[in-house]
Amino acid sequence: MKESIFHRLYDDYHQDVFQFLIYLVKNRSVAEDLSHEVYVRVLRSYDRFQGNSSEKTWLFSIAKNVAIDYFRKNIVRERHAFDTFDWEREQLVSTMPTPEQFLEMSEEMHELLEALEHCTGDQKMVIVMRYFQELSILETAEILGWTEGKVKTTQHRAIKSLRSILQQVGKEANS
Amino acid sequence: MNDNKWNEQDIESLLKQAPKIHDNRSKEDVFARLQADGVFDEEPLKKSRKKSSIYIGGITAAILACAIGIPLLNSNNEVEEQSADMASYSTEESSVGNRARDVENDASHENNAADNAMTMRANVMPSTSAIYANELVDNTLFTIGLLGDDTESIPAAILIPNEKILEDFGKENPTQVEMYNYYAPLLDEEGFAFNDYHPYKGEIIERGNTVVHILPEGHGYDVASGTMAQYTGSLIDTFKNYEKIKYEQQDGNPVTFSEAGEPSKLVKVEERLKFNYYLFNQRGINYLVPQIRSSFVDAKTAIEAMPDHLNDVFQSAIIDGINYEVEENETVHVTFTEPLDLASYDTERVLHMIEAILLTAANFNKQVVFENIVQTEWQGFNFNKPLPMPIAANEVPIEIIRNH
C-alpha cells in the first residue's frame, strides 16, 4: 500500500517538491535529505489525509514544514534558545555552498537569488512558491495557511524588497 | 543589466525564468533509502529505528562546510513540529529531530556561526510600507481609506503606473476624485484581506478643493458611532489632499447625521490629519494606522505620545525599552536616550518604528532627524541628514484593482 502511494507521489510530484526544497536550502545534499523526510512524514500519515485540501497542497505543506523545521533547528542551535524562531519574520538563509546549477546561472539571476536570501522568510517562501513552483495564489494560501490577501500582499512586498536590495547592491558596487 | 535600473517588471520576469533544478537520483535510489529506514514496514516506525548514514553524512558535511556548530539538543527542548495547521496529517516527532541529535557533536565554531547568522539577520530587508516622493517618477498616487476588522480606517495607497493612468483617463494627473470614481468599484478589498466597503453609497464629486459626498436616503453610515467613525476616517484617508469634505443630500442641503442631530458642517481635512501612527495587524499583515485619530498640536507632542497605546487592538510602533526625546523647529529631532544599535532588533520592527515616526511628523509637514543611532546608514536611510518625508502610508499592491 505504502509502496504504491510512494510510486504515485514520486511520479506526480517528486521533482516539484525537490526543486521547492533546493531553492529554499540551496544545497543538493540537504534537499535530498529533506525530500526523504517529506516522504517519511507523508507515508506515516497518509491514511489520515482527509482530502480537506488537494493532495498537492497537502504534500507541499508538509515540505514547507520540513524546510521550516530545518531552518528553525539551525537558528535554534545558533541562539541556544528554543522559542524565538518566527519563520515569517526571520530570514530563511542557507549559508551552504550553492549547487552547481546556481553557478551556471546568469549574473542577473545570481544577484536576484542572492537578494532573495535577504528577504524575510515569508517573502522568500512566497517567491519560491509563486514564481519557481508556479503555484496559484489559492494553492499558496492553502499551503501556508494564509488568506489569499496575505499571499498577494506578501508577494508584492517581496518584489519591492528585492528591488530595494538589488538597487542598494548596485549602488554599493558602483561607489 | 544596470544595477540601478532594476524595476519590478524586470524582477518578476527574471523570477519566472529561474531554471528548473532536478533531483539526479533515480526513483530506485529514493525508494531504497526509504526502505532502509523502514518506512514501508507494516509495523509503526520506531523512533531512531535506523540511522541513515547518508542523511547524517549529508547534514554533517553541509554543516561543516558552513562552520555551523551544533550545541547539545536534548529531548526536553526539542522543537515540536509545527504542523498543526494541517490537521489531517501526523504531528509525530520529526525524524529530522532524531537525526539532529545524532550529529550533535559533529561540528565546532559555534560562535563564528552565530556571528555570521547575526550579520545576515542584520541585513534582512523587509519592504518599507510607506511611499516616498521618488516613487512618483513613473507612478501616480491613489490614496484610499480601507476598512480593517477592528479599526475605523486603514490609510492606504496604491502606486498606479503613469502608463495605466493614461490608458484609463486619457490624460496625466487625474484628480483624486476622478481616480476614486474610476478605481473604487474595481477594488478587490476582500481578496486582499480588508472588509468590503468601497465604493461609497451615493455620489462623490469635487468643487474646487472640496470633496462633496452626495448621500442617498438610508445610507446607513450613521447607524452607530462606530460606523460613523469608519466612514469619516475613510473619507479623510481617501481624500487627504483636499481642503474640505462636505456632506450633501440629493437636494443640495447639508446632511443631518443621526449621531450629531444637526446639519453637518464642512470637514477641514488637514485638522483631522494631526494624528500619530500605531501598529495594527489586519489578518496577518501589519499596517501603520491612527489609533483613535487623536489630534495633536504639533509633531513633538504627537511623537512623544507614540509609546502609549489604548488597548490590544493597537500596538505601539515604538519598540519596548527604547526611549527618546523630541525637539521641534524647522525639522523634528528625535534623540534616542541610549545609543540605538538597529542591528540589535528585528529589522521589520525597527522599520515600522522609524516609518511611524516619519509618517507622524509628515502629518505636520515636518522632516525628521534621528540622533544617537549607531549606524549612519541603514536600509537606504541616511541618518546624517533629515530623512525624506513619506507621502503616504501602507502601500498596497496594484493588484487590488481588478483587471489592472
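Model, not experiment: these values are computed from the prediction. Along each chain, residues carry numbers from 1 onward, in the same order as the chain's sequence is written. Each chain takes a letter, starting from A, and each ligand takes a number, starting from 1, following the order in which they are written. Note on the predicted model: pLDDT of at least 70 is required for a residue's local features to be given, and 80 or more for side-chain atom pairs to be given and counted; whole-chain, interface and lining totals, by contrast, use all residues. To obtain the side-chain values, all non-hydrogen atoms of the structure were included, while hydrogens and water were left out.

(A) Region of interest: the overall build of chain A. We count a stretch as a helix when DSSP gives it H or I for four or more residues in a row; a strand needs E for two or more, and each element gets its number in order from the N terminus. A count of helical and extended segments in chain A gives 8 helices and 0 strands. Partly exposed residues are those whose accessible area sits between 20% and 50% of the maximum for their type, while under 20% is buried and over 50% is exposed, using a 1.4 Å probe and protein chains only. Going through the 175 residues of chain A one by one, you find that 67% of them count as buried. As displayed, chain A offers around 5900 Å² of accessible surface, 47% of which is attributable to carbon and sulfur atoms. Using a 1.4 Å probe, the Shrake-Rupley method yields the accessible areas, and only the shown protein chains count as cover for residues.

(B) Representation of helix H2 (residues 28-45) of chain A in the model. Residues and elements named next belong to chain A. Taking 1.5 Å as the rise per residue, H2 with 18 residues should run 26 Å; its terminal C-alpha atoms sit 26 Å apart, in good agreement. Summarising burial for H2: 17 of the 18 residues are buried, a large majority. What qualifies as a polar contact is a pair of N or O atoms within 3.5 Å, subject to a donor-acceptor requirement within protein and to the restriction that residues adjacent in sequence count only when both atoms come from side chains. Residue asparagine 27 occupies the N-cap position of H2, its side-chain oxygen lying 3.0 Å from the main-chain nitrogen of serine 29. The span you would expect from a helix comes to 1.5 Å times its residue count less one.

(C) Focus on the side chain of Asn276(B). Residues and elements named next belong to chain B. For asparagine 276, the position within the fold is in the loop between strand S6 (267-268) and strand S7 (277-282). Judged by its relative accessible area of 3%, asparagine 276 falls in the buried class. A polar atom in the side chain of asparagine 276 sits 2.9 Å from the backbone oxygen of alanine 302. The contact definition used throughout considers only heavy atoms, calling two residues in contact when any of these lie within 4.5 Å. If near-sequence neighbours (up to four positions away) are discounted, asparagine 276 is found in contact with Val289, Pro290, Gln291, Phe296, Ala302, Ala305, Met306 and Thr360.

(D) Looking closely at the sheet that holds S6(B). Residues and elements named next belong to chain B. For two strands to be treated as a pair, DSSP must find no fewer than two bridges joining them. Strand order in the open sheet formed by 4 strands is S3-S4-S5-S6, with mixed pairing between adjacent strands. The open sheet is flanked by strand S3 (203-207) and S6, the only strands paired with a single partner. In this sheet, S6 lies alongside strand S5 (residues 244-248) in antiparallel orientation, the contact comprising 2 bridges. From the neighbouring strand, lysine 244 faces S6, where its bridge partner is lysine 268. Interaxial angles span 0 to 180 degrees and are taken between N-to-C directions of axes, which are lines fitted to C-alpha atoms, for helices over the stretch in contact. Each of S3 and strand S4 (210-214) is contacted by helix H7 (residues 176-183), which is oriented at about 165 degrees to S3, the strand it contacts most. Along the sheet, helix H8 (residues 225-238) makes contact with S3, S4, S5 and S6, crossing S5 at roughly 135 degrees.

(E) Region of the structure containing the packing of helix H1 (residues 2-25) of chain A against helix H6 (residues 121-132) of chain A. Residue and element names in this part refer to chain A. Between H1 and H6, the shortest axis-to-axis distance is 10 Å and the interhelical angle comes to 140 degrees. As judged from the angle between their axes, H1 and H6 are oblique. The two elements H1 and H6 meet at a crossing, and its hand is right-handed. Here H1 contributes Gln19, Phe20, Tyr23 and Leu24 to the contact with H6, which in turn contributes Lys124, Met125, Val128, Met129 and Phe132. Classification convention: Asp, Glu, Lys, Arg as charged; Ala, Val, Leu, Ile, Met, Phe, Trp, Tyr, Cys, Pro as nonpolar; all other residues, Gly among them, as polar. For the contact of H1 with H6, the residue count by class is 7 nonpolar, 1 polar and 1 charged. By the definition adopted for this analysis, an angle is roughly parallel if under 35 degrees, roughly antiparallel if over 145, roughly perpendicular if from 65 to 115, and oblique otherwise. The hand of a helix crossing depends on one turn: near helix anticlockwise from the far one by less than a right angle means left-handed, and clockwise means right-handed.

(F) Structural detail: H6(A). Residues and elements named next belong to chain A. With 12 residues, H6 extends 16 Å between its outermost C-alpha atoms, agreeing within 8% with the 16 Å of an ideal straight helix rising 1.5 Å per residue. Among the residues making up H6, those that are buried are Gly121, Asp122, Gln123, Lys124, Met125, Val126, Ile127, Val128, Met129, Tyr131 and Phe132. The first or second residue beyond H6 is glutamate 134, which carries a positive phi of 55 degrees.

(G) Inspection of the pattern of salt bridges at higher detail. In what follows, salt bridge is the name for a side-chain nitrogen of Lys or Arg lying within 4 Å of a carboxyl oxygen of Asp or Glu. Across all of its chains, the model carries 25 salt bridges over all chains by this definition. Notably, a salt bridge pairs Asp11(A) with Lys27(B), separated by 2.9 Å at the nearest N-O pair. Of this pair, Asp11(A) sits in helix H1 while Lys27(B) sits in helix H2 (residues 27-36), on two different chains. Assessed through its relative accessible area of 52%, Asp11(A) is described here as exposed. Each member of the salt-bridge network shares a partner with another, and the members are Lys160(A), Arg163(A), Glu8(B), Glu135(B) and Glu395(B).

(H) Structural detail: the environment of Ile214(B). Residues and elements named next belong to chain B. Relative to the helices and strands, isoleucine 214 resides in strand S4. The sequence separation of isoleucine 214 and glycine 252 amounts to 38 residues, and the corresponding C-alpha distance is 7.9 Å. Filtering out sequence-adjacent residues up to four positions away, isoleucine 214 remains in contact with Lys201, Gly202, Glu203, Ile205, Glu248, Gln249 and Gln250.

(I) Representation of the sheet that holds strand S8 (residues 285-290) of chain B in the model. Residue and element names in this part refer to chain B. Strand order in the open sheet formed by 3 strands is S8-S7-S9, and the pairing between neighbours is antiparallel. Each having just a single partner strand, S8 and strand S9 (314-315) make up the two edges of the open sheet. Pairing geometry for S7 and S9, over 2 bridges, is antiparallel. Each residue of the ladder has a partner; that of leucine 279, found in S9, is glutamine 315.

(J) The pairing of strand S10 (residues 324-328) of chain B, seen in detail. Residue and element names in this part refer to chain B. Pairing geometry for S10 and strand S11 (residues 332-340), over 5 bridges, is antiparallel. Across the sheet, residue glutamate 327 finds its bridge partner in S11, namely histidine 333. Hairpin geometry of S10 and S11 is characterised by an intervening segment of 3 residues between the two adjacent antiparallel strands.

(K) View of the side chain of Asn394(B). Residues and elements named next belong to chain B. Mapped onto the secondary structure, asparagine 394 falls in the segment after strand S14 (381-382). Take asparagine 394: its relative accessible area is 0%, and that puts it in the buried class. Excluding residues that lie within four positions of it along the chain, asparagine 394 makes contacts with Ser129, Ala130, Ile154, Pro155, Ala156, Ala157, Tyr287 and Leu288.

(L) Fine view of the nonpolar core. What we call a nonpolar core is a set of buried Ala, Val, Leu, Ile, Met, Phe, Trp, Tyr and Cys residues that are connected through their side-chain atoms within 4.5 Å. Ranked by size, the top nonpolar core spans 87 residues in total, and within it Ile158(B), Tyr231(B), Ile354(B) and Phe370(B) carry the most contacts. Counting residues per element, this core draws most heavily on helix H10 (residues 347-362) of chain B, which supplies 9 residues. Apart from residues no more than four positions distant in its own chain, Tyr231(B) is found in contact with Tyr197(B), Tyr200(B), His213(B), Leu215(B), Tyr221(B), Tyr247(B) and Phe257(B). In terms of nonpolar packing, the next biggest core, distinct from the first, is built from 69 residues, Leu24(A), Ile62(A), Leu144(A) and Ala18(B) among them.

(M) Quick look at the environment of Glu108(A). Along the polypeptide, Glu108(A) turns up in helix H5 (residues 107-116). Between the C-alpha atom of Glu108(A) and that of Leu166(A), which follows or precedes it by 58 residues, the distance is 9.7 Å.

(N) View of the confidence of the model for chain A. Residue and element names in this part refer to chain A. Summarising the model, chain A shows a mean pLDDT of 82, and 79% of its residues fall at 70 or more. Note: pLDDT gives the predictor's confidence per residue, expressed from 0 to 100. Per-residue pLDDT, averaged within each element of chain A, yields its smallest value for helix H4 (residues 100-103) (61) and its largest for H6 (94). Note on residues 79-83: pLDDT under 50 across the span, and 11 contacts to partners over four residues away in sequence or across chains.

(O) Fine view of unusual backbone geometry. Here the amide bond leading from His198(B) into Pro199(B) is cis, since omega sits at -5 degrees, within 30 degrees of zero. Structurally, the position occupied by Pro199(B) is in the loop between H7 and S3.

(P) Just the pairing of strand S2 (residues 154-161) of chain B, in detail. Residues and elements named next belong to chain B. Counting buried positions along S2 gives 7 out of 8 residues, so the element sits mostly inside the fold. With 8 bridges joining them, strand S1 (residues 139-146) and S2 adopt antiparallel strand pairing. Bridging from a neighbouring strand, phenylalanine 142 pairs with isoleucine 158 of S2.

(Q) Up close: the packing of aromatic side chains. Pairing of aromatic side chains here covers Phe, Tyr and the six-membered ring of Trp, requires ring centres within 6.5 Å, and sorts the geometry by plane angle: under 30 degrees stacked, over 60 edge-to-face, intermediate tilted. Across all of its chains, the model carries 30 aromatic pairs over all chains by this definition. Following the ring pairs from residue to residue traces out a cluster consisting of Tyr180(B), Tyr197(B), Tyr200(B), Tyr221(B), Tyr231(B), Phe239(B), Tyr242(B), Tyr247(B) and Phe257(B). The positively charged end of Arg157(A) is found above the aromatic ring belonging to Tyr287(B), 5.6 Å away from the centroid. Positioned over the ring face of Tyr221(B) is Lys201(B), at 5.4 Å from the centre of the ring. By definition here, charges over rings are those cases where NZ of Lys or CZ of Arg is within 6 Å of the ring centre and within 35 degrees of the ring normal.

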